[in-house]
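Each chain is listed here by its residues.
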Amino acid sequence: MESSGADARTPDARTARLAVDMLDATLGRDGDELLRGVARALAKSLGIDYVLVCERDRPTATQASTLVAWMHGEQVSNFTLLLADSPCGETLERGECYAPSDVRKKFPKHVPLDELDVEGYFGVAVPGRDGQALGHLALMCRAPLDFDASLRAFIIAQARLIGTELQRRQAQRAVREREQLFGAIADALPVCIAYVDALEIYRFVNQTFAGWQDRSREEIIGSPVREVLTSDAYARVKPRIDQALAGQPQRFESAAVYPDGQRREVEIQYLPYVDESRRQSGYFALTTDLTERRQAERERRELDACFRAVTLAAFEGIAVLEDGRFVNVNDSYAQRLGFRPEELIGKSYEGLLSKDSLQRVRRVLDSRFQGVYEVVARSRSGKTFPAEICGVNVD
């Protein structure tokens, strides 16, 4: 009696059986489990001795690394294989290599074929989005292979499935590398940097932020803002946070004693972040320590006040230069040159000297000479007059 269907030994039956085994091995799986499932199904269903799922890190690489190595019915440790003079190299170069028998004669220089006693080989390149091969899928057997066109087409389809997984892995690696780079840059900056999501949960903080809070990053990341900041600090910034999460950038100054015990005057910026779908997903918080700058400004104002008090009644002209420009002058100095004091602030001294005296003063300033020397000054009207300067350096 004739059979009404394909015999289990026919090519069509092998492809059908492989499809069933592949579905069972890969359904609902991803990552390493998916790759193992593909290799296991190919080996089991087709009776293949060796199944390799390989990846190469760049198109010009001279070697590839196994992600799954399935040998004699079990997974073994991953290894690196050289591509020169090998069927795997030809697979990557041409997209496919099918040597049903005598593969060692075709690639006599590739020693691993002898070591594994390989007779038949079928390899398929794993494609990427740009057409470049991300890796390859290799099936090797100690007996000749008999793969018809439909079976090879099915195996090629599995290579595309592997390609999707490798693209996902590469995308994840790229994200991790960017995160590591961002983290390294953020840690090198002398400012606090944090990212807070739409639920007010810290998703990233740099080392400076963690140090100011006197906690580890692990303690902060994943915690709500209200639990990291003191209750008073959170109450002060909560309206700003709401505005930032509504898409409004915030910039303000504050002063407080931080958990590390330091009192700081700071500038805080909240920069809203909109994701690729144009959805408001959180904000970046940048906190800059202004303590030293504000202290210097206060000291400068005190010095200015002292300067004005001392020089107000002085008959001699007194001026303070910084980088060749006036930062302070008293009335006597300005009047002798025909100016009001505020007109000279920020102005260069060079237009107030004769040509010969200008060269001399430049040499004096460059040498940081301290003492008395004479110059010819030039007033606002262009009139010149002799003047005696007593220079003192202030560090």
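Structure's up top.
Remember, predicted model here, so these are calculated numbers, not experimental data.

Points about the overall build of the protein chain
A tally of regular secondary structure across the protein chain gives 14 helices and 16 strands. In terms of principal-axis extent, the alpha carbons of the protein chain reach across some 130 × 55 × 35 Å. Per-residue burial over the protein chain gives 41% buried out of 395 residues. In the protein chain, of all internal contacts separated by at least 6 residues, the share reaching a separation of at least 24 is 41%. Surface summary for the protein chain: the accessible area is close to 23200 Å², and the carbon and sulfur share equals 50%. The average position of the 53 basic charges and that of the 60 acidic charges among the side chains of the protein chain differ by 5 Å.

Quick look at a nonpolar patch on the surface
Nonpolar side chains collect at one region of the surface, where Leu181, Ile185 and Leu189 lie side by side and expose about 270 Å² of accessible area between them. Tracing the chain through its elements places leucine 189 in the loop between α6 (149-188) and β8 (192-197). The exposure class of leucine 189 is partly exposed, given its relative accessible area of 38%.

Quick notes on helix α10 (residues 231-245)
Here α10 contains 15 residues, and its C-alpha end-to-end distance of 20 Å stays within 8% of the 21 Å for a straight helix at 1.5 Å per residue. The sharpest bend along α10 reaches about 45° and sits at valine 237, with the proline proline 239 one to four residues further on. Taken as a whole, α10 has its buried residues at Ala233, Tyr234, Val237, Ile241 and Ala244. Against α9 (225-228), β10 (250-257), β11 (263-274) and β12 (280-289) lie the buried residues of α10. Of the residues trailing α10, glycine 247 is marked for its positive phi of about 95°.

Here we look at the layout of surface pockets
What the largest pocket holds in volume is close to 1600 Å³. The wall of the largest pocket is formed by 43 residues, among which Ile318, Ala319, Val320, Leu321 and Cys390 lie closest to the centre. Where the lining of the largest pocket is concerned, the elements lending two or more residues are α11 (291-311), β13 (319-322), β14 (325-329), α12 (331-336), α14 (355-367), β15 (371-378) and β16 (384-391). Here the lining of the largest pocket takes seven residues from β16, the largest share from any one element. Taken together, the residues that form the lining of the largest pocket break down as 29 nonpolar, five polar and nine charged. A volume near 420 Å³ is recorded for the second largest pocket.

Considering the packing of aromatic side chains
Evaluation of the coordinates by the stated rule reveals 14 aromatic pairs. When the centroid spacing of 5.5 Å and the interplanar angle of 85° are considered together, the rings of tyrosine 98 and phenylalanine 122 count as edge-to-face. With tyrosine 98 in strand β5 (residues 96-99) and phenylalanine 122 in strand β6 (residues 120-127), this pair connects stretches of sequence that are 24 residues apart. Judged by relative accessible area, which is 0%, phenylalanine 122 ranks as buried. Taking the centre distance of 6.0 Å and the plane angle of 85° together, the rings of phenylalanine 122 and phenylalanine 147 count as edge-to-face. Taken together, the residues span a long stretch of sequence, with phenylalanine 122 in strand β6 and phenylalanine 147 in the loop between β7 (133-141) and α6 at a distance of 25 residues. With respect to class, phenylalanine 122 is no different from phenylalanine 147; both count as buried. Through successive ring pairs, a cluster of aromatic residues spans Phe182, Tyr195, Phe204, Tyr273 and Phe284. If you follow arginine 264 out to its NZ or CZ, it ends over the ring of tryptophan 212, 4.1 Å from the centre.

Things to note about the nonpolar core
Counting residues in each nonpolar core, the largest one holds 31 residues, and the members touching the most others are Leu42, Leu46, Val51, Leu139, Phe147 and Ile155. Within the residue set of this core, elements represented by two or more residues are α1 (11-26), α2 (31-46), β1 (50-55), β2 (63-71), β6, β7 and α6. Of all hydrophobic cores here, the second largest spans 24 residues; its members include Cys192, Phe209, Val225 and Leu229.

Here we look at the pattern of salt bridges
This model, assessed by the stated rule, comprises 23 salt bridges. The partner of aspartate 242 in a salt bridge is lysine 238, and the shortest N-O contact between them spans 3.0 Å. Within this pair, aspartate 242 and its partner lysine 238 are both found in helix α10, separated by four residues, close to a single helical turn. Since its relative accessible area comes to 25%, lysine 238 is described here as partly exposed. Between arginine 340 and glutamate 342 there is a salt bridge whose closest N-O contact spans 3.0 Å. Using a relative accessible area of 52% as the deciding quantity, one classes glutamate 342 as exposed. Salt bridges sharing partners connect three or more residues here, namely Asp32, Glu165, Arg168 and Arg169.

What counts, and at which threshold
Every residue gets a number counted from 1 within its own chain, in the order that chain's sequence is written. For this predicted model, a pLDDT threshold of at least 70 governs which residues receive local features, and a threshold of 80 or more governs which side-chain atom pairs are given and counted, while totals over whole chains, interfaces and linings are taken from all residues. With hydrogens and water excluded, all non-hydrogen atoms of the structure serve as input to the side-chain values. By the criteria applied, helices consist of DSSP H or I runs no shorter than four residues and strands consist of E runs no shorter than two, each listed in order from the N terminus. For every residue, the accessible area obtained with a 1.4 Å probe (protein chains only) is divided by the maximum for its type, and the residue is called buried under 20%, exposed over 50%, and partly exposed between those limits. Note on definitions: a residue-residue contact is assigned when non-hydrogen atoms from the two residues lie within 4.5 Å. Values of accessible area rely on a 1.4 Å probe in the Shrake-Rupley scheme; residue burial ignores everything except the protein chains shown. We count Lys and Arg on the positive side and Asp and Glu on the negative side, and we leave His and both chain ends out. A single reference atom marks each charge: NZ on Lys, CZ on Arg, CG on Asp, CD on Glu. Patches were defined on residues exceeding 30% relative accessible area and lacking a salt bridge, with like-charge contacts within 9 Å and nonpolar side-chain contacts (Val, Leu, Ile, Met, Phe, Trp, Tyr) within 5 Å. By definition here, a salt bridge exists when the distance from a side-chain nitrogen of Lys or Arg to a carboxyl oxygen of Asp or Glu is within 4 Å. The length a helix should cover is 1.5 Å for every residue beyond the first. What we call the bend at a residue is the angle made by axes fitted to the seven residues finishing there and the seven residues starting there. Cavity and pocket criteria rest on a 1 Å grid covering protein atoms alone: a 1.4 Å probe that fits but cannot get out defines a cavity, protein on both sides within 12 Å along at least 5 of 7 lines defines an open pocket, and an atom within 4 Å of a point defines a lining residue. Grid points are joined across faces, edges and corners, and a volume is the space filled by probe spheres set on the points. Any residue outside Ala, Val, Leu, Ile, Met, Phe, Trp, Tyr, Cys, Pro, Asp, Glu, Lys and Arg is labelled polar, Gly included; the first ten of those are nonpolar and the last four are charged. Centres within 6.5 Å are what make two rings of Phe, Tyr or Trp a pair, Trp counting through its six-membered ring; a difference in plane orientation under 30 degrees is then read as stacked, over 60 as edge-to-face, and the rest as tilted. Only when the NZ of Lys or the CZ of Arg is both within 6 Å of the ring centre and within 35 degrees of the ring normal is a charge said to sit over the ring. To define a nonpolar core, start from buried Ala, Val, Leu, Ile, Met, Phe, Trp, Tyr and Cys residues and group those joined through side-chain atoms within 4.5 Å.

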